[in-house]
Amino acid sequence: MVLKGLEHDKKYLELLLVFGEILVAIIIIVTVIVSSFQTLIMISGMIKIAYPNKSDILELIDMAILLLLALDLLRTVIVGIAERQIPVKNIIEAAMIVIVREMIVNTLMNGSPLYLIYLSISFLMISLAFIFISKFIKD
């Protein structure tokens, strides 16, 4: 009797988890669509200006990288729903995108060289983790 109740609770929790993942996927899809329109509007505004300023270009690059990150997270959620497991490689790829974004923003904003070194070390460590995961853990 107790086992039957536990199996019912487990199925309920799995269903709730899938519902939550689908909700996250829908939110990411809506965000990507809205951000894509915002990016197109930004590009059309830059075309009208003879020489776009540095902050506009930085904002466009930042938005494009964030869109890539959102799409990567969407892929991670969808794969997680389909395979019922967390794809670690995809999460590491998303972390790499975030670090590259921070490096670009830091460079364009004439940020701290020390912060860029920290980001470079972080990227190296995450790259090593990606290589380790790819080589030693089979899908």
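Predicted model only: the values in this text are computed from it and were never measured.

*Asks:* I'd love a proper account of the overall build of the protein, names of residues and values included.
*Replies:* The helix and strand inventory of the protein stands at four helices and zero strands. When its helices and strands are written in sequence order, the protein yields α-α-α-α. Every one of the 139 residues in the protein was classed for burial, and the buried ones make up 23%. Counting contacts in the protein only where the partners sit at least 6 residues apart, residues at least 24 apart contribute 63% of the total. When the accessible surface of the protein is summed, it comes to about 10,200 Å², and 76% of that surface belongs to carbon and sulfur atoms.

*Asks:* Before we move on, can you summarise helix 4 (residues 113-136) with the specific residues and values?
*Replies:* Taking 1.5 Å per residue as the helical rise, helix 4 with its 24 residues ought to reach 34 Å, and the 34 Å between its terminal C-alpha atoms agrees with that figure. Taken as a whole, helix 4 has its buried residues at Leu119, Ser127 and Ile133. Of the surrounding elements, those touching the buried residues of helix 4 are helix 3 (88-108).

*Asks:* Residue-level account of the nonpolar core, with values.
*Replies:* Counting residues in hydrophobic clusters, the biggest one holds seven residues: Ala25, Ile28, Val32, Leu67, Ala70, Leu74 and Val77. The set of elements that each furnish at least two residues to this core consists of helix 1 (2-48) and helix 2 (54-83). The greatest single-element share of this core, amounting to four residues, is contributed by helix 2. If near-sequence neighbours (up to four positions away) are discounted, valine 77 is found in contact with Glu21, Val24, Ala25 and Ile28.

*Asks:* Account for the layout of surface pockets, naming residues and giving values.
*Replies:* By volume, the second largest pocket amounts to about 160 Å³. Lining the second largest pocket, in full, are Glu14, Leu17, Val18, Glu21, Gly80, Ile81, Arg84, Gln85 and Ile86. At the level of secondary structure, the elements contributing two or more residues to the lining of the second largest pocket comprise helix 1 and helix 2. The element best represented in the lining of the second largest pocket is helix 1, accounting for four residues.

*Asks:* Outline the pattern of salt bridges, listing residues and values.
*Replies:* This model, assessed by the stated rule, comprises one salt bridge. The shortest N-O distance in the salt bridge between glutamate 102 and arginine 101 comes to 3.1 Å. What makes glutamate 102 partly exposed here is its relative accessible area of 24%.

*Asks:* Account for the packing of helix 2 against helix 3, naming residues and giving values.
*Replies:* Viewed as axis vectors pointing N to C, helix 2 and helix 3 meet at an angle of 175°, and their least axial separation amounts to 9 Å. The orientation of helix 2 relative to helix 3 falls into the category roughly antiparallel. For the pair helix 2 and helix 3, contact is made by Lys54, Leu58, Ile61, Asp62, Ile65, Leu66, Leu69, Asp72, Leu73, Arg75, Thr76 and Val79 and by Asn90, Ile91, Glu93, Ala94, Ile97, Val98, Arg101, Ile104, Val105 and Leu108, respectively. Considering only residue class, the contact of helix 2 with helix 3 consists of 14 nonpolar, two polar and six charged.

Cut-offs and rules
- Residues numbered from 1 in each chain as written.
- Predicted model: local features only at pLDDT ≥ 70, side-chain atom pairs only at ≥ 80, totals over all residues.
- Heavy atoms only, no water.
- Helix = DSSP H or I, 4+ residues; strand = E, 2+ residues; numbered from the N terminus.
- Buried < 20%, exposed > 50% of the residue type's maximum accessible area, 1.4 Å probe, protein only.
- Contact = heavy atoms within 4.5 Å.
- Areas by Shrake-Rupley, 256 points an atom, 1.4 Å probe, with all protein chains shown as cover.
- Expected span 1.5 Å × (residues − 1).
- Core = buried A, V, L, I, M, F, W, Y, C linked by side-chain atoms within 4.5 Å.
- 1 Å grid on protein atoms, 1.4 Å probe; cavity = no way out; pocket = protein on both sides within 12 Å on 5 of 7 lines; lining within 4 Å.
- Points joined across faces, edges and corners; volume = space filled by probe spheres on them.
- Salt bridge = Lys/Arg side-chain N within 4 Å of Asp/Glu carboxyl O.
- Axes fitted to C-alpha atoms, helices over the stretch in contact; angles between N-to-C directions.
- Parallel < 35°, antiparallel > 145°, perpendicular 65-115°, else oblique.
- Nonpolar A, V, L, I, M, F, W, Y, C, P; charged D, E, K, R; others polar.

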